[in-house]
Amino acid sequence: MIWKNLFQYRVFGENTSGASSDIKKALNSINRSKATVLRTMNIAENLNKVYELELQRGWMARLDFSKSLYQKNYISALKFLSSFWSKPFPVKDKLKELARFFGVLILGTKRFL
């Protein structure tokens, strides 16, 4: 069924909108992604898909982390990074976001768009 394929697409994070060329565009992209994840979380919750719901919560934490970084709210970014680390994502993804955090601190946000 189409809805099942769409759900798989949303749940497993293949719904990217691509790279952004500046902070404003990146924040707009994050906000659009957050709206999509929120809807997907509602679907997962309604279908009682516990694991998928946790993944979506992880995606939301990851998006909130990125948004906080781009807004230079580093304390908030650390909180969202911690939340992301508690979700069922590969260690590789978690280390990537940790590296992004320190990279932004050292080199600035524009290097990580």
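Residues numbered from 1 in each chain as written. Predicted model: local features only at pLDDT ≥ 70, side-chain atom pairs only at ≥ 80, totals over all residues. Heavy atoms only, no water.

A positive phi angle, close to 55°, is found at Asn 48, a residue other than glycine. With respect to the helices and strands, the residue Asn 48 is situated in the loop between helix H2 (23–46) and helix H3 (50–70). Overall, Asn 48 belongs to the exposed group, its relative accessible area being 62%. (Helix = DSSP H or I, 4+ residues; strand = E, 2+ residues; numbered from the N terminus. Buried < 20%, exposed > 50% of the residue type's maximum accessible area, 1.4 Å probe, protein only.)

If you walk through the whole model with that rule in mind, you get three aromatic pairs. Between Trp 59 and Phe 89, the aromatic rings sit 5.5 Å apart at their centres with planes inclined by 80°, giving edge-to-face as the arrangement. Of this pair, Trp 59 sits in helix H3 while Phe 89 sits in the loop between helix H4 (74–85) and helix H5 (91–107), and the two are 30 residues apart along the sequence. Since its relative accessible area comes to 23%, Trp 59 is described here as partly exposed. For the ring pair Phe 101 and Phe 102, a centre distance of 5.4 Å and an interplane angle of 75° mean the geometry is edge-to-face. The exposure class of Phe 101 is buried, given its relative accessible area of 5%. Residue classification places Phe 102 among the partly exposed positions, given a relative accessible area of 44%. (Phe/Tyr/Trp six-rings, centres within 6.5 Å; stacked < 30°, edge-to-face > 60°.)

Take a nonpolar patch on the surface next. On the surface, Phe 102, Leu 105, Ile 106 and Leu 107 cluster together to form a nonpolar patch covering roughly 420 Å² of accessible area. Looking at where Ile 106 falls in the secondary structure, it is placed in helix H5. On the basis of relative accessible area, Ile 106 is assigned to the exposed category, the value being 70%. (Patch = residues over 30% accessible without salt bridge, like charges linked within 9 Å, V, L, I, M, F, W, Y side chains within 5 Å. Areas by Shrake-Rupley, 256 points an atom, 1.4 Å probe, with all protein chains shown as cover. Salt bridge = Lys/Arg side-chain N within 4 Å of Asp/Glu carboxyl O.)

Taken by themselves, the reported measurements are silent on function.
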